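Observations on the model geometry
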Amino acid sequence: MDNLLDVKSNESSRGYWDINWSLPGGQDIYTLLKGAEYSVVHESNDRLEVSFKNTYNPSSAQGVKLPLSVDIRYIIRTGVSGFYSYAIYERPSGCPAFDLAQTRMVYKLRREKFHYMAITDEKQRIMPMPEDLLPGRGKQLIVPESVLLVNPINPDLKGEVDDKYQYSMDNKDGGVHGWISSGPIIGFWVIFPSQEFRNGGPTKQNLTVHTGPTCLAMLHGTHYIGEDILAHFEVGETWTKVFGPFFVYLNSTPDVSKAHNLWIDAKKQRLFEETTWPYDFVSSPYYVAAKERGSVSGRLFVQDRYVSGSLIPAKYAYVGLSVATTEGSWQIESKDYQFWVETDYTGNFTIKNVIPGVYGLHGWIPGFLGDYLGKEHITISAGSQTQLGNLTYVPPRDGPTLWEIGFPDRTAIGYYVPDVNPMYVNKLFLNSPEKFRQYGLWDRYTDVHPQFDQTFTIGSSNPKNDWFFAHVDRRGADNKYLPTTWTIKFNLNSVTTGTHKLRLAIASATRSDLKAHVNDMDIEHLVFQVLDLGTDNTVCRHGIHGLYRLFSGDISSSLLVKGDNSIFLTQARGGDALCGVLYDYVRLEAPATA
């Protein structure tokens with residue numbers, strides 16, 4: 001094939017780096033990153049590295065200009081089917097303040113050739129053509145990125161909804177995605193050998209591919225979290241970060257019956273790239289080689305006396321190093337690198353190839369509330385092997401559990417996700433564990449509860465069937481969206497004198513006013529409220545989690561009665577189809593016992 005990229009587009013829009021940024025308090029500015037200086041960084045029989053650099057000079061900058069020097073590099077190696085790409089972002093001293101929202105590399109492939117995309121073993125399909133998203137062939141829905149295909153070029157796709165956010169992936173679950181062409185059969189894959197240079201940690205969600213055909217290398221972004229994850233740079237603040245390298249891998253086959261083998265081969269290549277990280281062929285002095293890095297090992301336990309009298313191994317927990325200094329703030333850390341691993345069944349972990357620096361040890365354990373943060377900072381130096389020994393996480397807990405709803409895993413996956421409205425189906429997610437990716441599920445709440453809001457009775461209701469996955473507004477008369485109040489009914493054989501604790505673990509929130517009342521909905525019975533919560537946009541972007549938050553509310557025993565009680569959870573922001581709260585887990589604790 002003479003060119004894998006879209007020959008119908010001009011050269012600057014076929015494959016490019018770009019950035020979204022703003023001046024403090026200002027509007028978003030989109031900038032296409034281009035090099036002003038070209039140079040050959042390294043040339044030998046087995047490797048070539050080239051640089052396209054644009055240097056920012058604070059003393060000569062005029063007008064509104066991105067206060068960042070950018071050095072974009074490409075590496076090709078003998079015998080390697082593909083190329084490596086990375087970029088060095090640098091703020092010299094004297095730069096004005098600015099906020100960094102997003103940066104990425106975009107590949108727009110030949111639209112007449114690349115029709116089949118693959119992200120995981122389950123998420124693969126023939127995609128629409130870019131013309132299908134335009135008026136006449138597609139109808140834009142309430143979410144601008146969502147298009148109903150009314151007259152697509154491929155008639156098999158008629159009646160489906162296409163939205164780029166439907167193909168999002170957590171950093172921890174991604175690593176390879178791409179496209180397969182027809183005539184000739186070629187695979188084009190973006191492979192991340194490491195996630196260390198991407199912001200937001202392992203649970204950060206990023207776009208992968210979308211109709212175009214477009215293949216993305218998302219490096220830094222705000223999706224599913226919002227402005228909380230913006231990287232803010234003060235006046236004069238210096239900064240350097242290497243984004244990448246990531247690998248663009250190419251493979252092919254002359255046999256059309258073996259086209260799927262290209263995906264299998266790409267997965268194997270991803271595993272190989274991970275084993276060779278950090279690479280030993282990168283020329284930039286800002287890129288830290290393996291011999292200059294260190295490691296840290298330990299074993300994590302959980303101490304919860306209301307679950308077990310013994311320490312509990314933190315099995316399959318996520319443990320990582322981040323410069324974030326408070327519990328859970330690794331989720332919004334965007335300037336530095338993060339290094340994460342999953343513990344084994346006994347809670348053991350080793351984090352390898354850590355860039356020298358001072359870090360906090362962070363973690364979270366499925367089945368337990370909150371975020372772990374080590375008591376002391378950890379200093380990593382070149383060649384160091386830090387042994388931390390046994391570590392203990394004490395999750396938030398005041399007293400024994402009276403009742404609980406859900407399983408604390410930082411998502412709303414365990415709740416009721418309705419079937420998609422047949423008018424808005426994406427066939428990829430029919431009979432899929434990711435049925436939450438379908439369009440318009442927020443409106444299905446009204447279909448399930450057309451007149452009265454959800455009531456959940458402890459002891460008889462089932463979260464999988466009776467707890468809607470998103471606490472959204474209900475569509476009322478004249479299509480107006482009304483605030484909703486969910487009721488949790490529970491029975492107490494007796495009331496222990498003291499303060500009870502209501503735990504609300506939030507998997508995501510968007511423009512919500514969340515309130516909790518006990519037994520009556522007046523001010524005296526209001527036990528918790530938080531206003532204007534969240535900018536995650538998870539509801540409209542077909543997700544199951546965003547920015548994890550944990551809230552607690554005190555309930556005096558004087559508000560409870562022996563026998564039947566109710567807690568009312570109100571999403572009090574009306575008039576918004578796409579606002580809402582996704583609960584991870586809800587628990588009521590009795591006062592502490594001896």
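Residues numbered from 1 in each chain as written. Predicted model: local features only at pLDDT ≥ 70, side-chain atom pairs only at ≥ 80, totals over all residues. Heavy atoms only, no water.

For the protein, the name recorded in an unreviewed UniProt entry is Probable rhamnogalacturonate lyase B, with Prunus avium as its organism.

1. Focus on the nonpolar core
Of all hydrophobic cores here, the largest spans 87 residues; its most connected members are Y89, Y107, W189 and F246. Per element, the largest residue contribution to this core is seven residues, and it comes from strand β20 (residues 239-253). The residue makeup of this core includes at least three contributed by each of domain 1 (11-276) and domain 2 (290-393). With near-sequence residues (within four places) excluded, Y89 lies in contact with W17, I19, L33, L68, S69, V70, T103, W239, T240, K241 and F243. (Core = buried A, V, L, I, M, F, W, Y, C linked by side-chain atoms within 4.5 Å. Buried < 20%, exposed > 50% of the residue type's maximum accessible area, 1.4 Å probe, protein only. Helix = DSSP H or I, 4+ residues; strand = E, 2+ residues; numbered from the N terminus. Domains from an automatic or database assignment. Contact = heavy atoms within 4.5 Å.)

2. Comments concerning empty space enclosed by the protein
Tallied over the full model, the rule gives five cavities of 30 Å³ or more. Approximately 70 Å³ is the volume found for the largest cavity. Considering the residues around the largest cavity, the lining is formed by 13 residues, among which M169, G174, G175, R198 and T208 are closest to the centre. Taken together, the residues of the lining of the largest cavity break down into five nonpolar, six polar and two charged. (1 Å grid on protein atoms, 1.4 Å probe; cavity = no way out; pocket = protein on both sides within 12 Å on 5 of 7 lines; lining within 4 Å. Points joined across faces, edges and corners; volume = space filled by probe spheres on them. Nonpolar A, V, L, I, M, F, W, Y, C, P; charged D, E, K, R; others polar.)

3. Thoughts on the pairing of strand β23 (residues 318-322)
Within β23, five of the five residues are buried, which leaves the element mostly enclosed by the surrounding structure. Here β23 shows no split at all, with Y318, G320 and S322 on one side and V319 and L321 on the other all buried. In the sheet, β23 pairs with strand β24 (residues 339-342) via four bridges, with the strands oriented antiparallel. What sits directly across from Y318, in β24, is E342. Relative to strand β26 (residues 357-364), β23 runs antiparallel, the two sharing five bridges. Along β26, the bridge assignment pairs L321 with L361. (Pairing = 2+ DSSP bridges.)

4. A few points about the sheet that holds strand β10 (residues 138-140)
One open sheet accounts for three strands, arranged β10-β11-β12; its pairing is antiparallel. Strands at the two margins of the open sheet, each flanked by one partner only, are β10 and β12 (161-162).

5. Some thoughts on the domain arrangement of the protein
What the domain assignment lists for the protein is domain 1 (11-276), domain 2 (290-393) and domain 3 (401-589). Using only C-alpha atoms to locate each centre, domain 2 and domain 3 end up separated by 31 Å. Taken together, the contact pairs 11 residues of domain 2 with 12 residues of domain 3. Here domain 2 packs against domain 3, burying approximately 880 Å² in sum over the two surfaces, 62% of which is carbon and sulfur. Where domain 2 meets domain 3, there are one salt bridge. In this structure, the salt-bridge partner of D371 is R410, at a minimum N-O distance of 3.1 Å. (Buried area = accessible area lost by both parts, 1.4 Å probe. Salt bridge = Lys/Arg side-chain N within 4 Å of Asp/Glu carboxyl O.)

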